[in-house]
Amino acid sequence: MSRFLSISFLMSLISLIAGAAPAMAQTPAAQPTPPAAAPAPPVPPRPSASSLPTRDPHAPGYVTATELPDGTVAPPTADGNFIIGPTHKPAPETTAQPDVPKGAIFEFTMSSADSKIYPGIAREPGTFGTSDPSDPRKMVVTTSHPAPYTRHVAVYVPSQYVPGTAAPFIVGADGIDRGLFTALDNLIAQHRVPVMVAISIGNGSGDAQGSERGLEYDTMSGLYAEFVEKEVLPLAEKTANVKLTSDPDGRATMGGSSGGSCAMIMAWYHPEWYHRVLTFSGTYVNQQWPHNDQTPHGAWEFHEHLIPNSPAKPLRIWMEVGDRDNLNMNALRDNMHDWVVANENMAKVLAAKGYHYQFVFARNAGHTDRAVHVQILPEALEYIWQGYPIKR
């Protein structure tokens, strides 16, 4: 079913963009010059982290959470809700250690010309969308058009990998994540996570509605997971000379912001491929474009309808949000663009459905906060890989 919806959704997008392009025709007779088109709306200014409100993790309506001593992180074996900060010191596992074996990194590029799934779109620079006057949930974008892209991919192969064996792996969003590779060097050497491959995939450029990145990461369908499965993983195996497991329990997704919600989308629509999800400041908000009547509120639907109204899926989920995370960062005024509320709601519905999840609320932290990331990434990786066999 999700495959059918994905193809239908993509075809509607192609029709939408193609419909805006002039059809080829014979040269017509001279016509009066039409009035100039109205200029596209400019990109609204992005608030600085310091201008965003600082949220109290104990506010009414938020999940009940355990406040941890400053500078500590949650146990990697514990489900539930935790509060960390305000101090965020880098975990030692995020720094390269001289006596730890280093994995090999293989890099390659992918072109939109070679993709059967994502031929490429872009929004005109300096423009954004507007709220649909007939429905404030919808974003109208008139400046998106077909455009080529090149994406970069890196494959990390740990030194402990045995050639020819099927390796567990984690797929990351938004480009090459060398910090992840360093953390895996150390965690694998300490037998805290399995000997796994990591694949960091660059996005197709741009951000939010009307962009290639937005189309890939914010669309509520299985299409991006299908792109990874059919077009990225075979190239990763060939380039790095590795074999990747087909066992969904040995496959994880991760990302931050829209890359985070994308990680959840991949596992939700294809749980036969992925069982483990890790997200920083996940964009569980109404950012999907074009509009889809089956998921009219985009990733906000996860905590509004999808998770509460669906049988629990075999997913293990780790999530983080900052106390100064994003709030209403675009033209919509739909009450569905608060990243803190969205992640709090995710924790609430996951608990109600009995999922194995860990939710971390970080004090003194912004959107996909770098200091928080290097403090807690090792623990997050350990958490999502709980239950998977680790060879010693």
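Residues numbered from 1 in each chain as written. Predicted model: local features only at pLDDT ≥ 70, side-chain atom pairs only at ≥ 80, totals over all residues. Heavy atoms only, no water.

Undergrad: So, the packing of helix H5 (residues 258-269) against helix H6 (residues 301-309): which residues are in play, and what are the values?
TA: Two elements in contact, H5 and H6, have axes separated by 14 Å at closest approach and are oriented at 15°. One way to sum up the angle between H5 and H6 is to call them roughly parallel. Where H5 crosses over H6, the two elements pack in a sense that is left-handed. Judged by residue contacts, Ser 261, Met 264, Ile 265, Trp 268 and Tyr 269 of H5 engage Phe 302, Leu 306 and Ile 307 from H6. (Axes fitted to C-alpha atoms, helices over the stretch in contact; angles between N-to-C directions. Helix = DSSP H or I, 4+ residues; strand = E, 2+ residues; numbered from the N terminus. Parallel < 35°, antiparallel > 145°, perpendicular 65-115°, else oblique. Left-handed = near helix turned anticlockwise from the far one by under 90°. Contact = heavy atoms within 4.5 Å.)

Undergrad: Got a sec to walk through the packing of helix H2 (residues 178-189) against helix H8 (residues 370-384)? Specific residues and values, please.
TA: The geometry of H2 relative to H8 is characterised by a closest axis approach of 10 Å and an angle of 60° between their N-to-C directions. For the element pair H2 / H8, the angle class is oblique. Crossing angle aside, the handedness with which H2 passes H8 is right-handed. Residues Gly 179, Leu 180, Ala 183, Leu 184 and Leu 187 of H2 pack against Leu 377, Pro 378 and Leu 381 of H8.

Undergrad: Lay out the confidence of the model for the protein chain in plain terms, naming residues and giving numbers.
TA: Taken as a whole, the protein chain shows an average pLDDT of 88; of its residues, 86% reach a score of 70 or greater. Contacts for the low-pLDDT stretch residues 1-12, under 50 throughout, to residues beyond four places or in other chains number 17 contacts. Below pLDDT 50 for its whole length, residues 14-41 participates in 13 contacts with residues either more than four positions away or in separate chains. (pLDDT = per-residue confidence, 0-100.)

Undergrad: Any details on H5? Residues and values, ideally.
TA: Along its 12 residues, H5 runs 16 Å from first to last C-alpha, staying within 8% of the 16 Å computed at 1.5 Å per residue. Turning to H5, its buried residues number three or more, namely Ser 258, Gly 259, Gly 260, Ser 261, Cys 262, Ala 263, Met 264, Ile 265, Met 266, Ala 267, Trp 268 and Tyr 269. (Expected span 1.5 Å × (residues − 1). Buried < 20%, exposed > 50% of the residue type's maximum accessible area, 1.4 Å probe, protein only.)

Undergrad: Please set out the packing of aromatic side chains residue by residue, giving values where relevant.
TA: All told, the structure shown has 10 aromatic pairs when counted by the stated rule. Ring geometry for Phe 169 against Tyr 274: centres 6.5 Å apart, planes inclined by 85°, an arrangement best described as edge-to-face. Linking Phe 169 in strand E10 (residues 169-172) with Tyr 274 in the loop between H5 and strand E14 (276-280), this pair joins segments that are 105 residues apart in sequence. With a relative accessible area of 0%, Phe 169 lands in the buried category. For Tyr 274, a relative accessible area of 0% translates into the label buried. Each member of the aromatic cluster is reached from another via a ring pair, and the members are Tyr 118, Tyr 217, Tyr 224 and Phe 227. Positioned above the aromatic ring of Tyr 274 is the side chain of Arg 251, whose terminal nitrogen or guanidinium carbon lies 5.6 Å from the ring centre. (Phe/Tyr/Trp six-rings, centres within 6.5 Å; stacked < 30°, edge-to-face > 60°. Lys NZ or Arg CZ within 6 Å of the ring centre and 35° of its normal.)

Undergrad: Please provide a residue-by-residue account of the side chain of Glu 382, values included.
TA: The residue Glu 382 is located in helix H8 in this model. Apart from the residues lying within four places of it in its own chain, the contact partners of Glu 382 are Pro 76, Arg 192 and Val 193.

Undergrad: Help me get a handle on empty space enclosed by the protein, residues and values and all.
TA: Enumeration according to the criterion identifies two cavities of 30 Å³ or more in this entry. Put simply, the second largest cavity is a space of about 30 Å³. Mapped by element, the contributors of at least two residues to the lining of the second largest cavity are E10, strand E13 (251-256) and H5. Among the elements that take part in the lining of the second largest cavity, H5 stands out by supplying three residues, more than any other. In the lining of the second largest cavity, the residues fall into seven nonpolar, two polar and no charged. (1 Å grid on protein atoms, 1.4 Å probe; cavity = no way out; pocket = protein on both sides within 12 Å on 5 of 7 lines; lining within 4 Å. Points joined across faces, edges and corners; volume = space filled by probe spheres on them. Nonpolar A, V, L, I, M, F, W, Y, C, P; charged D, E, K, R; others polar.)

Undergrad: Quick one: what's the story with the sheet that holds strand E15 (residues 316-322), residue by residue and with numbers?
TA: Read from one edge to the other, the open sheet built from 10 strands follows the order E1-E2-E16-E15-E14-E13-E10-E11-E8-E3, with strand pairing classed as mixed. The open sheet is flanked by strand E1 (66-67) and strand E3 (104-111), the only strands paired with a single partner. Across four bridges, the pairing between E10 and E13 is parallel. When the sheet's bridge partners are listed, Gly 172 is paired in E13 with Met 254. Along the sheet face, helix H4 (residues 223-240) touches E3, strand E8 (150-157), E10, strand E11 (197-201) and E13 and points at about 130° away from the line of E3. Each of E10, E13, E14 and E15 touches H5; the most contacted strand, E13, lies at about 155° to it. (Pairing = 2+ DSSP bridges.)

Undergrad: Break down the nonpolar core for me, citing the residues and quoting the values.
TA: The biggest cluster of nonpolar side chains holds 74 residues, and the ones touching the most others in it are Ile 199, Val 228, Met 264 and Phe 302. Here this core gets nine residues from one element, more than from any other, and that element is H4. Those residues within four positions of Phe 302 in sequence are excluded, and the remaining contacts are Met 220, Ser 261, Met 264, Ile 265, Trp 268, Tyr 284, Ile 307, Pro 308 and Met 346. Counting residues in each nonpolar core, the second largest holds 34 residues, with Ile 170, Ile 188, Trp 318 and Tyr 383 among its members. (Core = buried A, V, L, I, M, F, W, Y, C linked by side-chain atoms within 4.5 Å.)

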